[in-house]
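Spelled out, the chains give:
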Amino acid sequence: MEVREVGPNTPLCGVIRKVLENNRTPVTCEELAIAVREYWGRNFPQNPYEDPCLIYKLTGLFKDVEYHFDELGEVPMVHKRESGDGTELSTRMHAIDLNRIADQVKRVKVGLRAS
């Protein structure tokens, strides 16, 4: 999907892709969320995710995305309150799980694979 011009009616995933294409190095989900809002010129649509978690979730739709966990040292685990069982962070997780570890998700770096 190539996005030529970004405006207020451009789909959010198109704006995210454009910002990632403009960055030569991976950026954190938090930095990407800020850059996308500034580039798009509007806030994210109402949703149950914290902004960095929404970015993490949506970038999972791209086939050529890479995640880097340099700042965290390893892939974060989401622990269920009831059982204490842990599951590795995944873009398939729901809002309640991603938001639970939002402080870690915002430090995950996202970039496009070199073609």
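Attention here is on the structure that accompanies the text.

Cut-offs and rules
Residues numbered from 1 in each chain as written. Predicted model: local features only at pLDDT ≥ 70, side-chain atom pairs only at ≥ 80, totals over all residues. Heavy atoms only, no water. Helix = DSSP H or I, 4+ residues; strand = E, 2+ residues; numbered from the N terminus. Buried < 20%, exposed > 50% of the residue type's maximum accessible area, 1.4 Å probe, protein only. Areas by Shrake-Rupley, 256 points an atom, 1.4 Å probe, with all protein chains shown as cover. Salt bridge = Lys/Arg side-chain N within 4 Å of Asp/Glu carboxyl O. Axes fitted to C-alpha atoms, helices over the stretch in contact; angles between N-to-C directions. Parallel < 35°, antiparallel > 145°, perpendicular 65-115°, else oblique. Contact = heavy atoms within 4.5 Å. Nonpolar A, V, L, I, M, F, W, Y, C, P; charged D, E, K, R; others polar. Expected span 1.5 Å × (residues − 1). Arc of directions from axis to C-beta.

**Looking at the overall build of the chain**
- In terms of helices and strands, the chain carries five helices and five strands.
- Within the chain, the proportion of its 115 residues that are buried is 40%.
- Approximately 7100 Å² of the chain is accessible, and the part contributed by carbon and sulfur atoms is 45%.

**Description of the pattern of salt bridges**
- Counted by the stated rule, this structure contains six salt bridges.
- The partner of Asp 97 in a salt bridge is Arg 100, with the nearest N and O atoms 3.4 Å apart. Of the two residues, Asp 97 and Arg 100 are both situated in helix α4 (residues 95–100); the distance of three residues between them amounts to about one turn of the helix.
- Judged by its relative accessible area of 9%, Asp 97 is buried.
- On the basis of relative accessibility, which here comes to 29%, the residue Arg 100 falls in the partly exposed class.

**Here we look at the packing of helix α2 (residues 29–40) against helix α3 (residues 51–59)**
- α3 packs onto α2 with a crossing angle of 90 degrees between their chain directions and a minimal axis gap of 8 Å. On the basis of the axis angle, α2 is roughly perpendicular to α3. Where α2 approaches α3, its residues Cys 29, Glu 30, Leu 32, Ala 33, Val 36 and Arg 37 are matched on the opposing element by Asp 51, Pro 52, Ile 55, Tyr 56 and Thr 59.
- When its residues are assigned to classes, the contact of α2 with α3 shows seven nonpolar, one polar and three charged.

**A closer look at α2**
- Between its first and last C-alpha atoms α2 spans 16 Å; for twelve residues at 1.5 Å apiece the expected length is 16 Å, and the two agree.
- For α2, the full list of buried residues reads Cys 29, Leu 32, Ala 33, Val 36 and Trp 40. For α2, the angular spread of buried residues about the axis comes to 105 degrees, placing them on one side.
- Looking at the buried residues of α2, the elements they touch are α1 (12–22), β1 (27–28), α3, α5 (102–105) and β5 (109–112).

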